[in-house]
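Here is what each chain is made of, one letter per residue.
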Number of protein chains: 2
Amino acid sequence: MAFYSHILLAVDFTRVTDSVARQAVEMCQAFKARLSLVHVVEFTQMDLSNDLILPQELEFEQELIKQSRLRLEELAVKLGLKKSECFVSQGSTRREILRLAKELNTDLIVVGSHGREGIQRLLGSTANAVLHGAPCDVLAVRVKGESVE
Amino acid sequence: MAFYSHILLAVDFTRVTDSVARQAVEMCQAFKARLSLVHVVEFTQMDLSNDLILPQELEFEQELIKQSRLRLEELAVKLGLKKSECFVSQGSTRREILRLAKELNTDLIVVGSHGREGIQRLLGSTANAVLHGAPCDVLAVRVKGESVE
């Protein structure tokens, strides 16, 4: 069976990350698929009004990326994956996840879902955002009794 | 392995129904899960302004439900399922799918996704609607090169 051959897990380092990761691993085992991890650093504190980027802002951002890479690699080791399956991107979460999915030619994106209602629904979520324009299938994992964000 | 034990496939009878159904069957085989099918008839032509429901409108609606049941049962037979796994509901697609998912205690809803962008994204879709408030995981199956609706 080779229905899904390469799965991309979007990691947001919230409380439910471990649960969502476990589901992704189950999917990989069921389909004997390769698993890659992506985390997107959305931080952009730069003052765009005067074209100035302060050195300490750049440093902070670089540190954030470095820390994210370390945490992602820790998760990869815990899941029995190689560190080379870790991808840390910077920018819009949706855009970066979809870009990487296309680049890696993954056939499934696994993302946590919080099942929000009402006004929160209108505000959108990562799962919702990724669903639109995804080049492949999307599995939204609903972790019961907890909030993703 | 018993990661997913009961999967609900939302059927909309568009051109991509067969492809989405095949993906759902693959998931069921991978997890040895039970598969149920649901189709929601959204037709409601009733004139709510004067509390009158014309007999021919009721007849048309009943006929639509009957035809939908037959089509769903045909699909079930094609997929090797029992007719008792077919559910035809009437009302809001999102509400009915979620209601049935809760009632059957399914752990995954499989729905077609069209990957719309821009203004169409704002207008929503079944996949998007189902994602919000879903009591379980949702797999949005992206059928390439075709439009679901």
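Residues numbered from 1 in each chain as written. Chains lettered and ligands numbered in written order. Predicted model: local features only at pLDDT ≥ 70, side-chain atom pairs only at ≥ 80, totals over all residues. Heavy atoms only, no water.

(A) Spatial organisation of the pattern of salt bridges. Under the criterion given, the structure shown has eight salt bridges over all chains. The salt bridge involving Asp18(B) is made with Lys78(B); its shortest N-O contact spans 3.4 Å. Remark: Lys78(B) occurs in helix H2 (residues 55–78) and Asp18(B) occurs in helix H1 (residues 17–31); sequence separation between them is 60 residues. Judged by its relative accessible area of 34%, Asp18(B) falls in the partly exposed class. Judged by its relative accessible area of 59%, Lys78(B) falls in the exposed class. Of the charged contacts in the structure, one is a salt bridge between Glu103(B) and Arg99(B), with a shortest N-O distance of 2.6 Å. Of this pair, Glu103(B) and Arg99(B) both sit in helix H3 (residues 93–104), four residues apart, which is roughly one turn of that helix. Looking at Glu103(B), the relative accessible area reads 55%, which means it is exposed. The structure contains a network of salt bridges with shared partners spanning Glu96(A), Arg99(A) and Glu103(A). (Salt bridge = Lys/Arg side-chain N within 4 Å of Asp/Glu carboxyl O. Helix = DSSP H or I, 4+ residues; strand = E, 2+ residues; numbered from the N terminus. Buried < 20%, exposed > 50% of the residue type's maximum accessible area, 1.4 Å probe, protein only.)

(B) Expanded view of the sheet that holds strand E2 (residues 34–41) of chain B. Spatial ordering of the open sheet is given by E3(A)-E2(A)-E1(A)-E4(A)-E5(A)-E5(B)-E4(B)-E1(B)-E2(B)-E3(B), a layout of 10 strands whose pairing is mixed. One side of each edge strand has no neighbouring strand; the edge strands of this open sheet are strand E3 (86–90) of chain A together with strand E3 (86–90) of chain B. Across this sheet, the average inter-strand angle for adjacent strands is 25°, counted without regard to direction. Summarising the sheet, strand E2 (residues 34–41) of chain A and E3(A) pair through five bridges and their orientation is parallel. (Pairing = 2+ DSSP bridges. Axes fitted to C-alpha atoms, helices over the stretch in contact; angles between N-to-C directions.)

(C) Examining the environment of His39(B) more closely. Residue and element names in this part refer to chain B. Tracing the sequence through the fold places His39 in strand E2. What makes His39 buried here is its relative accessible area of 11%. When near neighbours in sequence (up to four residues on either side) are disregarded, His39 contacts Val11, Asp12, Phe13, Ser68, Leu72, Phe87, Val88 and Ser89. (Contact = heavy atoms within 4.5 Å.)

(D) Just the interface of chain B and chain A, in detail. Opposite the 32 residues of chain B that make contact, chain A presents 32 residues. Taken over both partners, the interface formed by chain B and chain A buries close to 2,700 Å², and the fraction arising from carbon and sulfur atoms is 56%. The interface formed by chain B and chain A holds zero salt bridges in total. Inspection of the chain B/chain A interface yields eight residue pairs in polar contact (both at pLDDT 80 or more). Only H1, strand E4 (108–113), helix H5 (126–131) and strand E5 (137–142) of chain B provide two or more residues apiece to the side of chain B that touches chain A. With six residues, E5(B) is the single largest residue contributor to the side of chain B that touches chain A. The pairing of strand E5 (residues 137–142) of chain A with E5(B) spans three bridges and is classified as antiparallel. From the neighbouring strand, Leu139(A) faces E5(B), where its bridge partner is Leu139(B). (Buried area = accessible area lost by both parts, 1.4 Å probe. Polar contact = N/O pair within 3.5 Å; in protein donor to acceptor, adjacent residues only side chain to side chain.)

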